Amino acid sequence: MSADRVHTPARLAVLASGGGSNLGALFAHFDAMPQTAQVVLVLSDKASAGALTRARERNVADAVIDHRDGAALVALLQAHAVELIVLAGYLKLLPAEVVRAYPGRVINVHPALLPAFGGHGMYGRHVHAAVVASGVRVTGVTVHFVDEAYDRGAIIAQWPVPVFPTDTADDVAARVLRVEHRLLPLVVQRIASGHVALDGDGRVRGVVPVPAAGRADEFVLPLFDVDASTLPSA
Ligand code: GRF
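Note that the structure is a prediction, hence the values are computed from the model and not measured. (Residues numbered from 1 in each chain as written. Predicted model: local features only at pLDDT ≥ 70, side-chain atom pairs only at ≥ 80, totals over all residues. Heavy atoms only, no water.)

Draft legend 1. Quick look at the overall build of the protein chain. Scanning the protein chain for helices and strands turns up 7 helices and 9 strands. The burial tally for the protein chain puts 44% of its 234 residues in the buried class. Excluding contacts between residues fewer than 6 apart, the proportion of contacts in the protein chain whose partners are at least 24 apart in sequence is 65%. Counting only carbon and sulfur atoms, one obtains 56% of the accessible surface of the protein chain, whose full area is about 10,700 Å². (Helix = DSSP H or I, 4+ residues; strand = E, 2+ residues; numbered from the N terminus. Buried < 20%, exposed > 50% of the residue type's maximum accessible area, 1.4 Å probe, protein only. Contact = heavy atoms within 4.5 Å. Areas by Shrake-Rupley, 256 points an atom, 1.4 Å probe, with all protein chains shown as cover.)

Draft legend 2. A look at the site of the ligand. Residues in contact with the ligand, as listed here, are Gly18, Gly19, Gly20, Ser21, Asn22, Gly89, Val109, Pro111, Gly124, Leu177 and Glu180. At a separation of 2.8 Å, an oxygen atom of the ligand approaches a polar backbone atom of Gly20. Taken atom by atom, the bulk of the ligand overlaps the largest pocket. A class-by-class count of the residues in the shell around the ligand yields 3 nonpolar, 7 polar and 1 charged. (Near = heavy atom within 4 Å. Polar contact = N/O pair within 3.5 Å; in protein donor to acceptor, adjacent residues only side chain to side chain. 1 Å grid on protein atoms, 1.4 Å probe; cavity = no way out; pocket = protein on both sides within 12 Å on 5 of 7 lines; lining within 4 Å. Sits in = over half its atoms within 2 Å of the grid points. Nonpolar A, V, L, I, M, F, W, Y, C, P; charged D, E, K, R; others polar.)

Draft legend 3. Highlighting the layout of surface pockets. In this model, the largest pocket occupies a volume close to 730 Å³. In terms of lining residues, the largest pocket is bounded by 36 residues, among which Gly89, Tyr90, Leu91, Tyr123 and Gly124 are the most central. Elements represented by at least two residues in the lining of the largest pocket include exactly helix 1 (21-31), strand 5 (106-110), helix 5 (125-134) and helix 6 (169-192). Ranked by residue count, the leading element in the lining of the largest pocket is helix 6, at 4 residues. (Points joined across faces, edges and corners; volume = space filled by probe spheres on them.)

Draft legend 4. Layout of the nonpolar core. Of all hydrophobic cores here, the largest spans 44 residues; its most connected members are Val42, Val86, Ile107, Ile156, Leu184, Val187 and Val188. The biggest single contributor to this core is helix 6, with 9 residues. Core analysis: the next-biggest nonpolar cluster, separate from the first, contains 20 residues, Ala13, Leu15, Val40 and Leu77 among them. (Core = buried A, V, L, I, M, F, W, Y, C linked by side-chain atoms within 4.5 Å.)

Draft legend 5. Inspection of the environment of Ser17 at higher detail. Structurally, the position occupied by Ser17 is in the loop between strand 1 (10-15) and helix 1. In this structure the C-alpha to C-alpha distance between Ser17 and Ala51, which are 34 residues apart in sequence, comes to 7.4 Å. When residues no more than four places from it in sequence are discounted, the contact partners of Ser17 are Ser44, Asp45, Lys46, Ala49, Gly89, Tyr90 and Leu91. Within the local environment of Ser17, its side chain forms a polar contact with the backbone nitrogen of Leu91, the two atoms lying 2.9 Å apart.

Draft legend 6. How the structure looks around the packing of helix 5 against helix 6. Running from N to C, helix 5 and helix 6 point in directions that differ by 115 degrees, and their axes come no closer than 8 Å. For the element pair helix 5 and helix 6, the recorded crossing hand is right-handed. Two secondary-structure elements touch here, helix 5 through Arg125, His128, Ala129, Val131 and Val132 and helix 6 through Ala169, Asp170, Val172, Ala173 and Val176. (Axes fitted to C-alpha atoms, helices over the stretch in contact; angles between N-to-C directions. Left-handed = near helix turned anticlockwise from the far one by under 90°.)

Draft legend 7. Spatial organisation of the side chain of Thr139. Structurally, Thr139 is set in strand 6 (residues 138-145). For Thr139, the residues in contact, after removing those within four places along its chain, are Pro111, Ala112, Leu113, Val131, Trp159, Pro160, Val161, Val163, Val172 and Val176.

Draft legend 8. View of the pairing of strand 1. Of all the 6 residues making up strand 1, 6 are buried; the element is thus mostly covered by neighbouring parts of the structure. The side-chain alternation of strand 1 yields two buried faces, one formed by Ala10, Leu12 and Val14 and the other by Arg11, Ala13 and Leu15. Relative to strand 2 (residues 37-44), strand 1 is paired through 6 bridges, and the arrangement is parallel. Each bridged residue has a counterpart across the sheet, and for Ala10 the counterpart in strand 2 is Ala37. For the handedness criterion, the β-α-β arrangement of strand 1, helix 1 and strand 2 is classed as right-handed. Relative to strand 4 (residues 84-87), strand 1 is paired through 4 bridges, and the arrangement is parallel. Residue Val14 lies in a different strand from strand 4, and its bridge partner there is Val86. (Pairing = 2+ DSSP bridges. Right-handed = clockwise from strand over helix to strand, strands pointing away.)

What follows is the structure in C-alpha cells.
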C-alpha cells in the first residue's frame, strides 16, 4: 500500500455481482492474517447476490449500489475508509470518478490470460466458452489494476490453467475458479503489505510470488489438477 495508507490492516471493499466465491476466498485468506487486510465493505449491483449474504453472515457492512452513480459510490467507500477496492466477479464498468478517486487502488480478477479473451462481453461463462471454441491449450487467471476501460489495466499477476481436449466450458470455469481463489488473495496480500503497487507512470512495481517451486506437486496441482504421480520427477 502506498505511503498514504492510514490503516493497518488495509481496509478492503469487495464488489461482486454473483455468488461471491472469490469474496469467500478473501475472507478465508485474511482470517489467517488479520493484521494484513480485512474486508470492511461488500457491495453489489444485484440485491440477490450471494456475495451480500456472505457479508451479512460475517457482520461485514454491505450495500446494493447503483453501478452508474460514481459520486454515491465514492462517498460510500470514503465513509468506510476503504483503501483498496477489489472487483471479484463484478460485471459492471466502474464509474470513472471511482477509478480517479482511487488511483492504483482498484484491482480486478479476470478468468483468462488478458489481453486474450477480455474486453466487452467477455465475462463469466462467455470467457470459457470462447476459450474452448478457440482450441487453445492454456488459459488462466489475470489480476490487474483497473482503469477506465474494462480489462485494460496494468497486469499484476497471471497463473496458467490447462485446457484439455475433452473440456466443456464448465470444466474450464471450475478449474480456473480454483486458481482465482488462490491468486486473488495473494495479490491483495502483496498490495496491502506494500510489496506491489502501481507507479505514477502506470507500471506495476513488485511481483506476486507463486507457491515455492520446490514443492512441484503443490505448485502444479492447483494449476493443473493432475495426479502428482504423473509428474516428472523433480
Ligand atoms: C466467475 O466466473 C469468476 O471467474 C469471475 O466472476 C465469476 C463469479 O465469481 N471472476 P464469484 O464466485 O462471484 O467470486
